[in-house]
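Each chain, letter by letter, is given below.
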Amino acid sequence: MVTWRASGTDAGRADRMTLLANAPRLSPAAAEGLAHDLFGLTAHAVELPSERDQNFRLRSGDGASFVLKIANALEDRRMLDAENAAMRHLAVTRLVPVPLPTRTGDDIARFEGYHVRLLTHLEGRPLADAPRHTVALLADLGRAVGAIGRALATFDHPALHRRFYWDLAHAASAVEQPLPRMRDTALGRAVESLVAVHRDTVLPRLPSLGQSAIHGDVNDYNVLVDARTDRVTGIVDFGDMVFSHTVNDLAIAMAYAALGEADPVGAAAIVASGYHAVRPLTADEIAALYGLMAMRLCLSVSVAAVQQAEQPDRDYLGISQAPIRATLPTLARVHPRLAHYRIREACGLAPVPHAPRVVGWLRANAGRTAPLTGHDLAATPVLGVDMSAGSTLIASDPATHAAGPLGHRVFAAMRRASAAIGVGGYNEGRVIYGADAFGAGGVTEERRTIHIGVDLTLPSGSPLYAPLDGVVHGFEDATARLDYGPVIVLRHETTGEDPVTFYTLYGHLDRRSLEGLSHGQPIKAGDRFAAVGAPPDNGDWWPHVHVQLITDMLDVPCNFNGVAPASQRATWLSLSPDPNLLLGIPPERFVRHPTTATLLGERRRLLGGNVRLSYGRRPLQIVRGWMQYLFDETGRAYLDAYNNVPHVGHAHPRVTEAVAAQLGTLNTNTRYLNEVVVEYAAALTARFPSPLEVCFFTASGSEANELALRLARAHTGQRDLVVMDGAYHGHTTTLVDISPYKHARPGGDGAPDWVHASPAPDVYRGAHTDRGRAGLEYAHEVGAIIDDVRAQGRGLCGYIAETCPSVAGQLFLPAGFLAEVYRLVRAARGVCIADEVQTGFGRIGTHFWAFEAHDVVPDIVVLGKPIANGYPMGAVITTRAIAESFDNGLEFFSTFGGSTAACAAGLATLRVALEDHVQAHALDVGAHLVGALRRLQTSRDLIGDVRGSGLFLGVELVRDRVALTPATVEAAAIVGRMRELGVLVGTDGPHENVIKIRGPMPLTMGDADCLVAVLDQALGEA
Ligand SMILES: Cc1ncc(COP(=O)(O)O)c(C=O)c1O
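In short, a report on the structure. (Residues numbered from 1 in each chain as written. Predicted model: local features only at pLDDT ≥ 70, side-chain atom pairs only at ≥ 80, totals over all residues. Heavy atoms only, no water.)

### Some points on unusual backbone geometry
Link 1 in the chain: Geometrically, the link from Pro-535 to Pro-536 is a cis peptide bond, its omega value of 5° lying close to zero.
Link 2 in the chain: Inspection of the secondary structure assignment puts Pro-536 in the loop between β22 (528-531) and β23 (544-550).
Link 3 in the chain: The phi torsion at Asp-855 lies on the positive side, around 55°, for a residue other than glycine.
Link 4 in the chain: Overall, the relative accessible area of 75% leaves Asp-855 in the exposed class.
Link 5 in the chain: The phi dihedral of Glu-992 is positive, around 50°, even though this residue is not glycine.
Link 6 in the chain: Residue placement: Glu-992 occurs in the loop between β38 (986-988) and β39 (994-997).
Link 7 in the chain: Here Glu-992 falls in the partly exposed class, since its relative accessible area comes to 25%. (Helix = DSSP H or I, 4+ residues; strand = E, 2+ residues; numbered from the N terminus. Buried < 20%, exposed > 50% of the residue type's maximum accessible area, 1.4 Å probe, protein only.)

This is the structure:
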């Protein structure tokens, strides 16, 4: 659907009706005839949508594509000439269609009064239909519009010098007129306020904006894109060309790029950045952009409002307006200067134009400020206080930090350092702002987390002195919890020529600081004007004063944001430069963390290259975990649906306390008798069926699997082992030998002769897919391998398999498989090893151990990952007979295996898992997730299979549900996109096309819904 297009003449609406009445109505066959007769082209015609003209896509026998344009009988011929000339002029950009000559060498042919043209056809689909407007695509849109803008600087045509309804140069009067017709009052108010923005920010600048021929309608249906490569392939429809302000094309492109975006200004700013790189914008052009883009959308709704009133039966007018109507109120809520600053930021300029002057003045006058706290902070012992997302000062649960304990920790640290004052916080990503005011969206949505002031921690009641001369600009008691409490803003001015106004803000004050203040009241540098407050009156924070510099209050009377969204960081740091310019604290006193880029560089230098990071070139820097959430260095939360090691939740307090207490008491090895080791061994073995009763502790899953192999070899006296294709059992030399996931992949050395891989029992894409029979069919493949081994005169050591093969694609073994395999293995005198490293401790919901779901009892069970909630630990549980075979005089000792702290961690994890009924919880949430994912499968063709149980799930993506073509590229893109949307999952399987979901067990129903919604969005954009 195209947005409604006004007539190409200034006569406006009446003409439009006439134009519609005179629109050509040719059949495709007639169009084919015209193409042949007029242009000598034999081609097949398909009609393209158009309201007042007629357009046909032509495809010739050799596959070449063209567009036949049949212009309305009333269309101005001079305009068509101008369009053709412009397209020819712009051919160098390779972004526009080019007119082709008629048989007689003309540009335009005549047919029954119509004007007929043949143009080259450009590949691509309209930007409006692109599943997603990525940063790369939006930037390329800007570059494309910039390229057209540059090229049109040297083009003109007399027909373009016309008065045209859609010309933004005259939009103000056009929009103001039909306002009363707008029924939707919220929309009407948005339009009204944006018209005012246009009046204030655009009209005064119009004389200084450069002019040229412009395209005039770079809307999202006139821009063609290749969504796969995120590139613009063409800009079409030059029918609205006009001689106007050059920047209008960019403004229009920005307006349509903003539609439907959660952050419309952010999306528009990216378009501006691409444009600026190709055709540098002037400061006035940038300042006018927001008002112009908003005006374009206002113009569109105004025109539509008039149209709808005149033709109430023509529904589509309303429908095509939906995205505009949805976006305008969001746009209208953005302060126009903030929008301006964000566009400047995107263009690489100082976001607040006058901020550098404020900073320069403060720097030049650094020695002349009065000390805020009464101390010379350059000489006073101060302690850098870390309140960043990863700070150990903050309680594990970021939402429940309380002023008391936090203050206690901060002041204790200051006492230890003999520091009178604690300092820090500028440009720091934080997690302590739990209130809705900092972001009321879902847990994973962006919140305001970047602290843009400095916090000075000092005892409540400490006096504060004005650092500079100023007047009281605002004061209030912001009483909401975690707000400023009492806050004062002073207004200052730089001295010298052309003074600039700026502000200083002081928050979390003592309530008495507000008494007797009046707006405009002069305050002299050095005047005592406030005192540090105390919780709960100070917003319920630890005692400190929040000091902030502000270069533009954005018309906020007093309570200016002290924390900003990370995606707008540079703009807010320009609105609030570093207040240390006033305080003069030596920079080295502040706690500094390396940037993600620095960390990445250092890591690359220091760690082996194949120690991988997730998410390719944009790895996550994770600094905190709490239950089912992880937090990055900006304070952003992610739903962790990936890590199964923090079984009962990241930083679970009971495990943390148990480990910390044990580390503070004793942490040594199993060579000493200690209660916790035995207590844990008893608690763990009690969870296993007979005859599994003896345990060994190790420091990792790999170590445990190594030990399991030694046990099996000792017991059977044999080496030959049957493994499962795609399996992973660990990273040591022997375990790589038994892990096809490693040795059979690029870089692997293949299997040694004692390792025999059996097919992974995949009932979705494997050899046996009849779920009723597959278990036995796959088991017989194992049987055949065992027969083969024995036929070669070799004995069988055993069989090892993950009970739910994970890296092989989150598989669930078919019914009957494991029981039959164990029967066959035991018949061949082998032992059966169950690798439960991924799946133990209730994860699958139905059973505590996954092997229990298959009615078998292994001879050896290997545990790892979740066993101690992240504390290094592994375990092997076996029968007494096997343990005795192994006990042949050679000591088994693992330095860290079964350390006192590891056993304390294991015991605490096991107790929490049992007391909190994580198994039953996993069953409920897993069933909810599987149900939601299966429903999603009905609308998202990429989902080929949903499988698993509890919180061990796989979603296999395929391009074709019959051929099962793996959607590997799509899976990677979807996982990457889900991370952007705040949900962490991974891919696995031999084709890396299975999305694996297996996060910490506290994952709630709400988290499950969030995950499915995010997956749905990512699938929709894939
Ligand atoms: C099934 C399985 N077994 C064993 C291991 C090895 O455990 P670790 O990395 O603790 O050595 C892993 C690790 O991913 C695993 O997935």
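### Observations concerning the nonpolar core
Link 1 in the chain: Ranked by internal contacts, the top residues of the largest apolar core, which has 108 residues, are Leu-684 and Tyr-799.
Link 2 in the chain: The biggest single contributor to this core is helix α25 (residues 900-915), with nine residues.
Link 3 in the chain: If you look at the next biggest cluster of nonpolar residues, it comprises 88 residues, including Ala-130, Leu-138, Ala-257 and Ala-272. (Core = buried A, V, L, I, M, F, W, Y, C linked by side-chain atoms within 4.5 Å.)

### A short note on the sheet that holds strand β15 (residues 448-451)
Across a sheet, strands are paired by hydrogen bonds formed along the backbone, either parallel or antiparallel in direction.
Link 1 in the chain: Pairing is antiparallel in the open sheet, where three strands are placed in the order β14-β15-β24. Pairing within the sheet leaves two strands with one partner each, and these edge strands are β14 (428-429) and β24 (563-565).
Link 2 in the chain: As paired elements, β14 and β15 share two bridges and run antiparallel to each other. Across the sheet, residue Gly-429 finds its bridge partner in β15, namely Ile-450. (Pairing = 2+ DSSP bridges.)

### Topic: the packing of helix α9 (residues 283-310) against helix α11 (residues 336-346)
Link 1 in the chain: Where α9 meets α11, the closest approach of the two axes is 9 Å, and the angle between their N-to-C directions is 125°. Between α9 and α11, the angle falls in the class oblique. The chirality of how α9 crosses α11 is right-handed. Residues Ile-286, Ala-287, Leu-289 and Tyr-290 of α9 form the contact with α11, whose own contacting residues are Pro-336, Ala-339, His-340, Ile-343 and Arg-344.
Link 2 in the chain: Taken together, the residues of the contact of α9 with α11 break down into seven nonpolar, one polar and one charged. (Axes fitted to C-alpha atoms, helices over the stretch in contact; angles between N-to-C directions. Parallel < 35°, antiparallel > 145°, perpendicular 65-115°, else oblique. Left-handed = near helix turned anticlockwise from the far one by under 90°. Contact = heavy atoms within 4.5 Å. Nonpolar A, V, L, I, M, F, W, Y, C, P; charged D, E, K, R; others polar.)

### Observations concerning helix α26 (residues 918-939)
Link 1 in the chain: Between its first and last C-alpha atoms α26 spans 31 Å; for 22 residues at 1.5 Å apiece the expected length is 32 Å, and the two agree.
Link 2 in the chain: Taken residue by residue, α26 has Val-918, Ala-922, Val-925, Gly-926, Leu-929, Val-930, Ala-932, Leu-933, Leu-936 and Gln-937 as its buried positions.
Link 3 in the chain: Against α25, β35 (943-949), β36 (952-957), β39 and α28 (1005-1021) lie the buried residues of α26. (Expected span 1.5 Å × (residues − 1).)

### Focus: the pattern of salt bridges
Link 1 in the chain: This model, assessed by the stated rule, comprises 44 salt bridges.
Link 2 in the chain: A salt bridge links Asp-107 to Arg-88; its shortest N-O distance comes to 2.4 Å. Here Asp-107 is found in the loop between β4 (99-100) and β5 (109-111), whereas its partner Arg-88 is found in helix α3 (residues 77-89), with 19 residues between them in sequence.
Link 3 in the chain: With its nearest N and O atoms 3.5 Å apart, the salt bridge here joins Asp-469 to Lys-524. Of the two residues, Asp-469 sits in the loop between β17 (463-465) and β18 (470-478) while Lys-524 sits in the loop between β21 (522-523) and β22, which places them 55 residues apart along the sequence.
Link 4 in the chain: One connected set of salt bridges, linked through shared partners, spans Arg-132, Arg-618, Arg-977, Glu-980 and Glu-1021. (Salt bridge = Lys/Arg side-chain N within 4 Å of Asp/Glu carboxyl O.)

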